[in-house]
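# Reading the structure
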Amino acid sequence: MTRAAESQRDAEWGPWEGWNPSTLSAHEGDCCRTARLWFLAMNRSLWRGEGGPTWIANRYPWGPGRWPLHWCEAVSVKELCCGAQAALSIEAFRARGVRVLPVQLVQRQEGHHMAHWHERWSDGGGSPSWAQGAAGYHESCAVIDAHGRAEVWDPTVNSWLTPDHVQGVRSIAAIRIGGPLPSDEVVLWRGVPVRVGQWVTPPAD
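Summary of the structure given here. Note that the coordinates shown come from a computational prediction; the quantities given were computed from them, not determined experimentally. (Residues numbered from 1 in each chain as written. Predicted model: local features only at pLDDT ≥ 70, side-chain atom pairs only at ≥ 80, totals over all residues. Heavy atoms only, no water.)

### Regarding the nonpolar core
Short version of the rule: Nine residue types can take part in a nonpolar core, namely buried Ala, Val, Leu, Ile, Met, Phe, Trp, Tyr and Cys, and a core is a set of them joined through side-chain atoms within 4.5 Å. Residue exposure (1.4 Å probe, protein chains only): buried if accessible area is under 20% of the type maximum, exposed if over 50%, otherwise partly exposed. Each helix corresponds to a stretch of at least 4 residues labelled H or I by DSSP, and each strand to a stretch of at least 2 residues labelled E; elements are numbered beginning at the N terminus. Should any heavy atoms of two residues lie within 4.5 Å, those residues are considered in contact.
Counting 25 residues, the largest nonpolar core has Leu-24, Phe-39, Trp-71, Leu-88 and Phe-93 as the members making the most contacts within it. Mapped by element, the contributors of at least two residues to this core are helix H2 (31-46), helix H3 (55-59), helix H4 (71-74), helix H5 (82-95) and strand S3 (135-144). The leading source of residues in this core is H5, at six residues. Setting aside its immediate chain neighbours within four residues, Phe-93 contacts Trp-47, Gly-51, Gly-52, Pro-53, Val-98, Val-100, Cys-141, Val-143, Trp-153 and Trp-160.

Right, here's the structure in full:
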């Protein structure tokens, strides 16, 4: 990696390079097991047809959250952060027998939002460290088909993400599919090769 590329990485997505995808915890006993079974039943009832599980963000809009987060807490709160929304979406896809991997993103944001987000997350008992400078850390998930083609589902905005969104607000500065575990697998995200387990920057062209 060139010095210029290292400088760009450190400026745009270096603060989150070592972060892991969010996962839900479970208490011993019945509370979390019952909560997970309730979630899966709701998913079967509310998610029909094509697309992703839009009911998750409709029921639990994006907002500050505390970690660790247990299943019994996740299904009873009024808001969920992107990590919790992504973790639930992964469970929803897996329940349909679909191969799905966690996705971590760094997205460019308008700097004037940062003070509001920091205040909102601090007041809500969460950490605002996901928003720094003019970028923000974000989580979603990737559905992988039998041919190694990936589609990235963003549960916060209920839409599929495209690798050509590389300029402007919410544009993608970096993406990692599959978390930090090293892998030789390469998936194609709408024609863009992405090595599983590595942060990459989508091409500008």
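From this point, the narrative continues.
### Description of unusual backbone geometry
Residue Pro-68 is bonded to the preceding Trp-67 through a cis peptide linkage, with omega at 5°. With a phi angle near 55°, Asn-158 is a residue other than glycine that sits in the positive phi range. Relative to the elements of secondary structure, Asn-158 occurs in the loop between strand S4 (149-154) and strand S5 (159-161). Residue Asn-158 is classed as partly exposed on the basis of its relative accessible area, which comes to 23%.

### Side note on the pattern of salt bridges
Two side chains of opposite charge can pair, provided their charged atoms sit close to one another. Inclusion rule: What makes a salt bridge here is a side-chain nitrogen of Lys or Arg within 4 Å of a carboxyl oxygen of Asp or Glu, nothing more.
Inspection of every chain in the model, using the stated rule, returns seven salt bridges. A salt bridge links Arg-120 to Glu-79; the nearest nitrogen and oxygen atoms lie 2.6 Å apart. On the criterion of sequence distance, the pair formed by Arg-120 in helix H6 (residues 114-123) and Glu-79 in the loop between H4 and H5 is long-range, its members being 41 residues apart. For Arg-120, a relative accessible area of 25% puts it in the partly exposed group. The exposure class of Glu-79 is partly exposed, given its relative accessible area of 31%. Measuring nitrogen to oxygen at the nearest pair gives 2.8 Å for the salt bridge that ties Glu-185 to Arg-99. Separated by 86 residues along the polypeptide, Glu-185 in the loop between strand S6 (172-177) and strand S7 (186-189) and Arg-99 in strand S1 (residues 99-108) bring together distant segments of the chain. Judged by its relative accessible area of 26%, Glu-185 is partly exposed.

### Some words on the side chain of Ser-22
So the rule is basically this: Throughout this description, a polar contact denotes any pair of N or O atoms lying within 3.5 Å of each other; where both atoms belong to protein, one of them has to be capable of donating a hydrogen while the other can accept it, and for residues adjacent in sequence the pair is counted only when both atoms sit in side chains.
Tracing the sequence through the fold places Ser-22 in the loop between helix H1 (3-12) and H2. Within the structure, Ser-22 has its side chain in polar contact with the side chain of Glu-139 (distance 2.8 Å). When sequence neighbours within four positions are dropped, the list of residues in contact with Ser-22 reads Trp-67, Gly-83, Ala-87 and Glu-139.

### Details of the environment of Glu-91
With respect to the secondary-structure elements, Glu-91 resides in helix H5. Overall, the relative accessible area of 16% leaves Glu-91 in the buried class. For Glu-91 and Arg-36, which are 55 residues apart along the polypeptide, the C-alpha to C-alpha distance reads 9.2 Å.

### Observations regarding H2
Put simply, the test is: Given the number of residues in a helix, its expected span is that number minus one, multiplied by 1.5 Å. In this description, the arc belongs to the directions extending from the helix axis to the C-beta atoms.
Counted at 1.5 Å a residue, the expected span for H2 with its 16 residues is 22 Å, and the 22 Å between its end C-alpha atoms agrees. Cys-32, Ala-35, Phe-39, Leu-40 and Asn-43 are the residues of H2 that are buried. Viewed along the axis of H2, the buried residues span an arc of 135°, placing them on a single side of the element. Among the structural elements, H3, H4 and H5 are those in contact with the buried residues of H2.

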